[in-house]
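# Overview (structure and organization)
In case you want the letters, here they are:
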Amino acid sequence: MTDNRQNTNVTMRTPRARVKGLGASGHGAGHFWQQRLTAAANAPLMLAFVVIVAMMANRPYPEAVALMSHPLVALVLILAVISVTLHMRIGMQVIIEDYVHAKGLKLASLFANNAYAVVVAVACLYAILRVSLGKLV
């Protein structure tokens, strides 16, 4: 069976839209790949997090602080917090954009989502840096 149309390459997208590669939402595939990248990063970071927490179990407070003061441990925990909060923010943003249809509620929900992610990240990073740099005993 042959295609009898004059031009099979006809599209409703503008040349600029085809060059930029943006989808209907105007965001392109950036959020998709960012979500996948943080998901892939979360696997080893959460494994390291579990190992670190297991190493601190049943130890006195000064030993736990000494473990947290190690630069590699602090770096792993900081990377884990950043990756998890980014992953959480992007995932909730997709859900809000897909399922909240009222414009005002969507805007408020997206603001609350971003604010919550920032507050969680800042609180966790502050705690990690305070313990690892301050050597609280």
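Residues numbered from 1 in each chain as written. Predicted model: local features only at pLDDT ≥ 70, side-chain atom pairs only at ≥ 80, totals over all residues. Heavy atoms only, no water.

Between helix α2 (residues 30-56) and helix α4 (residues 71-99), the least distance of the axes is 8 Å, while the angle of their chain directions is 140 degrees. On the basis of the axis angle, α2 is oblique to α4. The way α2 lies across α4 gives a crossing that is left-handed. Between α2 and α4, the contacting residues are His-31, Gln-34, Gln-35, Thr-38, Ala-39, Ala-41, Asn-42, Leu-45, Met-46, Ala-48, Phe-49 and Ile-52 on the first element and Val-73, Val-76, Leu-77, Leu-79, Ala-80, Ser-83, Val-84, Leu-86, His-87, Ile-90, Gly-91 and Gln-93 on the second. Of the residues belonging to the contact of α2 with α4, the class tally is 15 nonpolar, 9 polar and no charged. (Axes fitted to C-alpha atoms, helices over the stretch in contact; angles between N-to-C directions. Helix = DSSP H or I, 4+ residues; strand = E, 2+ residues; numbered from the N terminus. Parallel < 35°, antiparallel > 145°, perpendicular 65-115°, else oblique. Left-handed = near helix turned anticlockwise from the far one by under 90°. Contact = heavy atoms within 4.5 Å. Nonpolar A, V, L, I, M, F, W, Y, C, P; charged D, E, K, R; others polar.)

For the rest of this paragraph, the subject is the nonpolar core. Counting residues in hydrophobic clusters, the biggest one holds 14 residues, and the most contacted among them are Ile-52, Met-68, Val-73, Leu-77 and Ile-128. Those elements that provide at least two residues to this core are α2, α3 (61-68), α4 and α5 (103-134). In terms of residues, this core owes the most to one element, α4, which gives 7 residues. (Core = buried A, V, L, I, M, F, W, Y, C linked by side-chain atoms within 4.5 Å. Buried < 20%, exposed > 50% of the residue type's maximum accessible area, 1.4 Å probe, protein only.)

The UniProt record annotates "transmembrane region" (unreviewed entry) at residues 39-58, 64-86 and 107-129. Structurally, residues 64-86 is divided into 91% helix and 0% strand, and its ends, taken at the C-alpha atoms, are 27 Å apart. End-to-end, the C-alpha atoms of residues 107-129 are 33 Å apart, and along that stretch the chain is 100% helix and 0% strand. (UniProt positions renumbered as here; feature names shortened; annotations may be inferred.)

In this section: a nonpolar patch on the surface. A contiguous nonpolar surface patch, about 370 Å² in accessible area, is contributed by Met-46, Phe-49, Val-50, Val-53 and Val-84. The biggest single contributor to the nonpolar patch is α2, with 4 residues. Topologically, Val-53 is positioned in helix α2. (Patch = residues over 30% accessible without salt bridge, like charges linked within 9 Å, V, L, I, M, F, W, Y side chains within 5 Å. Areas by Shrake-Rupley, 256 points an atom, 1.4 Å probe, with all protein chains shown as cover. Salt bridge = Lys/Arg side-chain N within 4 Å of Asp/Glu carboxyl O.)

The set of residues buried in α3 consists of Ala-64, Val-65, Leu-67 and Met-68. Viewed end-on, α3 has its buried residues packed into an arc of 160 degrees, placing them on one side of the element. Buried residues along α3 sit against α2, α4 and α5. (Arc of directions from axis to C-beta.)

Right, let's get into the side chain of Ser-69. Position of Ser-69 relative to the elements: it lies in the loop between α3 and α4. Judged by its relative accessible area of 17%, Ser-69 is buried. Separated by 2.8 Å, the side chain of Ser-69 and the backbone oxygen of Val-65 make a polar contact. (Polar contact = N/O pair within 3.5 Å; in protein donor to acceptor, adjacent residues only side chain to side chain.)

Every α-helical turn comprises 3.6 residues, leaving residues that sit three or four positions apart pointing alike. With 32 residues, α5 extends 45 Å from end C-alpha to end C-alpha; this agrees with the ideal 46 Å at 1.5 Å per step. Along α5, the positions that sit buried rather than exposed are Ser-109, Leu-110, Asn-113, Ala-117, Ala-121, Ile-128, Val-131 and Ser-132. Considering only its buried residues, α5 is in contact with α3 and α4. (Expected span 1.5 Å × (residues − 1).)

This brings us to the environment of Gln-35. Among the structural elements, Gln-35 can be located in helix α2. Taking C-alpha positions, Gln-35 is 6.5 Å from Ile-90, a pair spaced 55 residues apart along the chain. Ignoring anything within four residues of it in the chain, the contact list for Gln-35 reads His-87, Ile-90 and Gly-91. A polar atom in the side chain of Gln-35 sits 3.5 Å from the backbone nitrogen of Gly-91.

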